[in-house]
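Summary of structural features
Residue strings, one per chain:
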Amino acid sequence: MPSNTAISAALDALLDMARVVHDEDDLHRVLSQLVALVGELLGMGSVVLNLYRPEWDDFLVTDVTGSEEARATLLETTSTWADWAPLLNDAHLRCGVHFVPAGAEDWTELGPPTYVPPAIESSDESAWHHEDALFATLEASDGSTLGILSVDEPISGLRPTDMELRVLGDVARHAARAIEEAKANGHARRHRRALESLLAVSSELGRSPEPAPALQRMCDAIRDAFGFACVALAVADGDGALHRVAAVGVEVFEDPAVRSVDELEAVCDARFAREGCYLLELEQLARVLADRPYHHSRLNGHGPLAWRDHMLLVPLESHAGRPLGYLWLDDPADRLLPDAEVLHALRTFANQAAMALEVSERVEALRASEERNAAVLDAALDAFVTIDAAGTIIAFNPAAERMFGHTAQAVLGRDMASLLIPERLEGRHRAGFADAVATGESPVLGRRIETSLRRADGVELPVELVLAATSTDSAASYTAYIRDISERKQHERHIARLAYEDPLTGLANRANLEEQLADTVVRAHGAALSVALLYIDLDDFKLVNDSLGHAAGDELLRAVAARLTGVTREGQDLLARHGGDEFLLLLRDLGTDPAPAAEVVAEKVIAALEEPFRIDNAELWIGASVGISLLPGDASNVEGLLGNADAAMYQAKNGGRGRYALYRTGGPDPGLKLGLTTRLRRALANDEFELHYQPLLDLADMRVVSVEALIRWRDGDRLVPPGDFIPVAEETGLIEPIGEWVVWQACAQAREWEGSAFSPQVAFNVSPRQLLRPDFTDIVAAAMAEHGVDPGRFVAEITETAFMRYSASGGDAISALHELGLLLAIDDFGAAYSSLSRLRDLPVDILKIDRSFLAAVPADPTAGQVVEAILSLARALDVIAVAEGIERDDQLRFLRERGCPIGQGFRLGRPVPADELELAPRTRLHARSNGALSRPASR
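Conventions we followed
Residues numbered from 1 in each chain as written. Predicted model: local features only at pLDDT ≥ 70, side-chain atom pairs only at ≥ 80, totals over all residues. Heavy atoms only, no water. Buried < 20%, exposed > 50% of the residue type's maximum accessible area, 1.4 Å probe, protein only. Helix = DSSP H or I, 4+ residues; strand = E, 2+ residues; numbered from the N terminus. Pairing = 2+ DSSP bridges. 1 Å grid on protein atoms, 1.4 Å probe; cavity = no way out; pocket = protein on both sides within 12 Å on 5 of 7 lines; lining within 4 Å. Points joined across faces, edges and corners; volume = space filled by probe spheres on them. Nonpolar A, V, L, I, M, F, W, Y, C, P; charged D, E, K, R; others polar. Patch = residues over 30% accessible without salt bridge, like charges linked within 9 Å, V, L, I, M, F, W, Y side chains within 5 Å. Areas by Shrake-Rupley, 256 points an atom, 1.4 Å probe, with all protein chains shown as cover. Salt bridge = Lys/Arg side-chain N within 4 Å of Asp/Glu carboxyl O. Lys, Arg positive; Asp, Glu negative; His and termini not counted. Charge placed at Lys NZ, Arg CZ, Asp CG, Glu CD. Axes fitted to C-alpha atoms, helices over the stretch in contact; angles between N-to-C directions. Contact = heavy atoms within 4.5 Å. Parallel < 35°, antiparallel > 145°, perpendicular 65-115°, else oblique. Phe/Tyr/Trp six-rings, centres within 6.5 Å; stacked < 30°, edge-to-face > 60°. Lys NZ or Arg CZ within 6 Å of the ring centre and 35° of its normal. Core = buried A, V, L, I, M, F, W, Y, C linked by side-chain atoms within 4.5 Å. Expected span 1.5 Å × (residues − 1). Arc of directions from axis to C-beta. Polar contact = N/O pair within 3.5 Å; in protein donor to acceptor, adjacent residues only side chain to side chain. Left-handed = near helix turned anticlockwise from the far one by under 90°. Disulfide = S-S within 2.5 Å. pLDDT = per-residue confidence, 0-100.

**Quick word on the pairing of strand E13 (residues 323-332)**
A regular strand places its side chains so that they alternate between the two faces of the sheet. Burial runs high along E13: nine of the ten residues are buried. Where strand E8 (residues 228-236) and E13 come together, seven bridges link them in antiparallel fashion. Looking at the pairing, Val 231 lines up with Leu 329 of E13. Examined bridge by bridge, strand E12 (residues 310-317) and E13 share six bridges and lie antiparallel to one another. Each residue of the ladder has a partner; that of Val 314, found in E13, is Leu 327.

**Notes on the sheet that holds strand E10 (residues 273-274)**
Whenever strands of a sheet pair, they do so through backbone hydrogen bonds, lying parallel or antiparallel. Pairing within the open sheet is antiparallel, and its six strands lie in the order E9-E8-E13-E12-E11-E10. Sheet topology places strand E9 (242-248) and E10 at the edges, where each strand pairs with a single neighbour. Note that strand E11 (residues 277-281) and E12 share four bridges and pair antiparallel. Residue pairing across strands places Tyr 278 opposite Leu 313, the latter belonging to E12.

**Details of empty space enclosed by the protein**
Rolled over the atoms, a probe with the dimensions of a water molecule shows which regions are left empty. Under the criterion given, the structure shown has four cavities of 30 Å³ or more. Within this model, the largest cavity holds a volume of roughly 300 Å³. Trp 107, Thr 114, Tyr 115, Phe 135 and Ser 150 are the residues nearest the centre of the largest cavity, which is lined by 24 residues in total. Residues belonging to the lining of the largest cavity are distributed by class as follows: 14 nonpolar, seven polar and three charged.

**A word on a negative patch on the surface**
Where like charges cluster on the molecular surface, the negative patch consists of Glu 55, Asp 334, Asp 339 and Glu 341. Along the polypeptide, Glu 341 turns up in helix H9 (residues 340-377).

**Section: the sheet that holds strand E18 (residues 477-484)**
The sheet built from five strands is open, its strands ordered E15-E14-E18-E17-E16 with antiparallel pairing. What marks the edges here is a single partner per strand, and that holds for strand E15 (393-396) and strand E16 (448-454). Between one strand and the next, the sheet's axes are offset by a mean angle of 30 degrees, whatever the strand orientation. Relative to E18, strand E17 (residues 460-469) runs antiparallel, the two being bridged by seven bridges. Bridge assignment links Ala 469 to a residue of E18, and that residue is Tyr 478. Here helix H13 (residues 423-439) sits on the sheet in contact with strand E14 (383-388), E16, E17 and E18, set at roughly 130 degrees to E16.

**What to know about the packing of helix H16 (residues 541-548) against helix H17 (residues 550-565)**
One way to put it is that H16 packs onto H17 with a least axis distance of 7 Å and a crossing angle of 140 degrees. In terms of axis orientation, H16 runs oblique to H17. Counting all contacts with H16, which are made through Phe 541, Val 544, Asn 545 and Leu 548, the residues of H17 involved are His 550, Ala 552, Gly 553, Leu 556 and Leu 557. Across the contact of H16 with H17, the residue classes tally to six nonpolar, three polar and no charged.

**Focus on the packing of aromatic side chains**
Following the criterion strictly, the structure yields 16 aromatic pairs and no others. Relative to Phe 349, the ring of Phe 226 has its centre 6.2 Å away and its plane inclined at 85 degrees; by these criteria the two rings are edge-to-face. Here Phe 349 lies in helix H9 and Phe 226 lies in helix H6 (residues 212-226), a separation of 123 residues in the sequence. Judged by relative accessible area, which is 1%, Phe 349 ranks as buried. Note on Phe 396 and Phe 404: the rings are 6.4 Å apart at their centroids and 40 degrees apart in plane angle, and the pair reads as tilted. According to the relative accessible area criterion, Phe 396 is buried, its value standing at 8%. Relative accessible area serves as the criterion here: at 0%, Phe 404 is assigned to the buried category. Here the aromatic residues Tyr 52, Phe 59, Trp 81, Trp 84 and Phe 135 are joined through ring pairs into a cluster of three or more. In this arrangement the basic side chain of Arg 910 is found over the ring face of Phe 906, its NZ or CZ atom lying 4.0 Å from the centre.

**Thoughts on the nonpolar core**
Within the largest apolar cluster, 76 residues are counted, with the highest numbers of intra-cluster contacts made by Leu 680, Phe 689, Tyr 693, Val 762, Phe 764, Phe 794 and Leu 895. If one sorts the elements of this core by residue count, helix H22 (residues 735-753) sits on top with nine residues. Beyond its immediate stretch of four places on either side in the chain, Phe 689 contacts Leu 680, Ala 683, Leu 684, Ile 711, Arg 712, Trp 713, Phe 725, Ile 738 and Trp 741. Counting 37 residues, the second-largest nonpolar core is a separate cluster that includes Phe 583, Leu 585, Phe 613 and Ile 622.

**Considerations on helix H29 (residues 861-877)**
End to end, H29 covers 24 Å across 17 residues, agreeing with the expected 24 Å (1.5 Å per residue, within 8%). When we look at burial in H29, the residues that qualify are Ala 863, Gly 864, Val 867, Ile 870, Leu 871, Ala 874 and Leu 877. Buried residues of H29, viewed axially, fall in a sector of 160 degrees; they line one side. Counted as exposed and oriented over 90 degrees from the buried face of H29: Pro 861, Thr 862, Gln 865, Arg 875 and Ala 876. Capping the start of H29 is the job of one residue whose side-chain oxygen sits 3.1 Å from the backbone nitrogen of Thr 862: Asp 860. Phi turns positive one or two residues past the end of H29, at Asp 878, with a value near 60 degrees.

**Notes on the packing of H22 against helix H24 (residues 776-787)**
Close contact between H22 and H24 brings their axes to 9 Å; oriented N to C, the two are set at 25 degrees. Looking at the two axes, H22 sits roughly parallel to H24. In this structure, the crossing between H22 and H24 has a hand that is right-handed. From H22, Glu 740, Val 743, Trp 744, Cys 747, Ala 748 and Arg 751 reach across to H24, where they touch Ile 779, Val 780, Ala 782, Ala 783, Met 784, Glu 786 and His 787. Looking at the contact of H22 with H24, its residues break down into nine nonpolar, one polar and three charged.

**Points about unusual backbone geometry**
Negative phi characterises most residues that are not glycine, and trans characterises most peptide bonds. The step from Val 857 to Pro 858 runs through a cis peptide bond, and the omega angle for that step is 0 degrees. Locating Pro 858 in the fold gives a position in the loop between helix H28 (851-854) and H29. Its identity is not glycine, yet Asp 828 carries a phi of approximately 55 degrees, on the positive side. Note that Asp 828 resides in strand E31 (residues 823-829).

**Brief notes about the pattern of salt bridges**
Tallied over the entire structure, the rule returns 31 salt bridges. We note a salt bridge from Glu 464 to Arg 488, for which the minimum N-O separation is 3.1 Å. Residue Glu 464 is located in strand E17, and its partner Arg 488 is located in helix H14 (residues 486-499); the two are separated by 24 residues in the primary sequence. Take Glu 464: its relative accessible area is 11%, and that puts it in the buried class. Here Arg 569 makes a salt bridge to Asp 573, at a shortest N to O gap of 2.7 Å.

**Examining the pairing of E12**
The buried count for E12 comes to seven of eight residues, which makes it a mostly enclosed element. In this structure, the hairpin formed by E12 and E13 is closed by a connection of five residues, where Gly 321 is found at a positive phi of approximately 90 degrees.

**Description of the state of the cysteines**
This model, assessed by the stated rule, comprises zero disulfides. In this structure Cys 230 is a free cysteine whose sulfur lies 9.6 Å from that of Cys 219, the closest cysteine sulfur available. Looking at Cys 230, the relative accessible area reads 1%, which means it is buried.

**A short note on the environment of Leu 908**
Relative to the helices and strands, Leu 908 is located in the loop between strand E34 (902-903) and helix H31 (914-919). The exposure class assigned to Leu 908 is buried, which follows from its relative accessible area of 2%. Distance in space between the C-alpha atoms of Leu 908 and Asp 889 is 9.8 Å, their sequence separation being 19 residues.

**Here's the deal with the confidence of the model for the protein chain**
Averaged over all residues, the pLDDT of the protein chain equals 80, while 82% of them reach at least 70. With pLDDT under 50 throughout, residues 373-378 is counted as low confidence; its partners more than four residues away or in other chains account for two contacts. Confidence over residues 919-931 falls short of pLDDT 50; this stretch has 29 contacts with residues more than four positions distant or in other chains.

**Brief notes about the side chain of Ser 477**
For Ser 477, the position within the fold is in strand E18. Classification of Ser 477 by relative accessible area gives buried; the value is 9%. Excluding residues that lie within four positions of it along the chain, Ser 477 makes contacts with Thr 386, Ile 387, Asp 388, Ile 394, Ala 468, Ala 469, Thr 470 and Ser 471.

See the structure below:
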């Protein structure tokens, strides 16, 4: 290996690469440079980079330095974790890297493609053997694997020393940083290009009412930004038949292959939708199109997120919900399913296309109306005015009389310029007219131009005119054919307003805000003024959409916009809808200390949303988290303000929601939530969850009568408690498949206990999202039928908040669970504010007293009285009371003295796997008897 001086210089070069990637779009070009640099640094004749692709769950050899034979053997080959396991075990770990000496492994049995260089004969034990292998794992900053670096054929011909192995480990760490930085910057650049394309398309749509060129440009932009080789946009005609108006790549279907939008609506309703996009499978498309010809790519990927005979369909709808057409996509370059960010961008493109089509329809309707009027009134709606070489009016038709308010008798023989040309244009008109008379030429002759003329009442009128020379042998004259374009100008202003206005709320849209924000930043710098940007994100809005539908969600957004408008300063602040459930509030001219003023506004925003909204006869509570970014304190430009406000919003949301936060560096990374979501999906696919069971005891004789199934996540060697991942699962909707897994596992364990000496009842927790699923009870019933277990052995635990808040929307599920035979328990009772009259009417069998009340018992008399009151309430309602959180002997004595029937807590037993529960020596396990939880006969 090279000298220390050479190593130092090369390490500096490797660090420089991490900076160079900021200017590099092509990740593979970065990797090629990286592999070459590693070979030069380590003095190795052969370097191979196996890049890990998490979407495909494999390793791909992306770059090889060395002989052409090595490149031909290894380049573009793939391998799996199982292939590498024998090579990357601890037996070969040395100084942080893996050295596999010749003969340590049987290379013919190993999975990854290998290349063994030609043998070099040597009797020296320190010499490099041609079957020696040296690997270094590349790890990301979050600990995940980025790839494996394989080096071979040292130029020195010697096996590495420990110091050289440590150098290889250092090189691997620097290389990992460079790869990680290149990936992040490549993603950011692709995102920026997509935004630039969207803005360009929006700008083109705003300039012209004719949508076809912009729609074709949209298809090109989608192909370039997101890698779909096949993009088509089909528009419905008056009869509902689809016609392709723009496309790139191969033809998706021959026009008109689909006769009606109803045919595609049928499959859209049957499949899951994300961000308003529908992922279809080949068999669905085949059912719709029957024997009609269509194209579909069968170039599929592999891995957990692979594209397999899918098609992506994005409906185009008017503001009233009328179907306008479809955006159809196929052939993704990476052969992967699109992520949420791509789907959101495609939904935005589709919305822009729908807006363009609506505007085009209106313009076309206006044009048709004008043509019909012209046919009826012939040319009478167009005015024409003829003047002689001196500029005197010599002809003035009836349409001109109506247009300008002058009679022909009053204007004939008078100077046209002084009557019809506005004063601000009169000088330019006279000079141009004199030049035309003198030369016989004019740049405006024979051309259609737009200008303004003056009516008799002094009002300027926008007109379109064509000026023609109408000279005769006796005299020169000029005739202007004039059309009033006031309505068209008004319509164009309306189109321009649509480009800068959110159609749902009437607020400024993102493009409008960013344009005004840029102007504000420039003015603030010039005048040394302060600016604040508030990033407002609604809490739990997605749950409203999921439970009440998008129409209710739209109505709620309009109501929120109205309330937020009430806290702004008219003429100074700008409130905009950023998209989805996010709003931006720009506060201008805040003086030298903007933070206190911005905090006051943030408090007003939060307070404005604290009162419930009445939507579809339902009371909805929708709070907000607010992030604040200041200029010049936090940022110096538009991008900095937006990015910092976004980061501050996440800081506020992580602090408990319903709060605001000023931007602080070093705050939580919003990307961590996305990473945890990805890991949770992988955990569900890889069966990394397990159930632990905590016993519930009959406090009279300390017998176990029931157990509560509690989910745990075994993430490698770490057992992750539910508090670390359940909130993210709730927010992202992953709680639904996770909850279904819990039900099936609990049923399987109950079946295993069936007939044994220990056969307790089993309780499991139910999420509010599960209650809102119409098929949730069917899932529970199917799980119990599949395992042959009695529903009466199970308890569904629902939090008090969910019971009270969703008893209307989720009431069918609650009643269905009750009718199925399950016992229903209100968990954490007392933590919310239950209505006793509603509680009396609900099918509740068990009240689980919130552990916060028991924490101070028996030392705190007030807490003891609350517990006694809940016990009395349970007896009055003829339901079973269960005390949670029993951790001390004095708490246990207090509850037994007051006749609490059932208890749960660490003092009685911790959550453990099922096999450990049965073997626990300090709990006396008995078969279920009269002490078991059961539904009171009167209920």
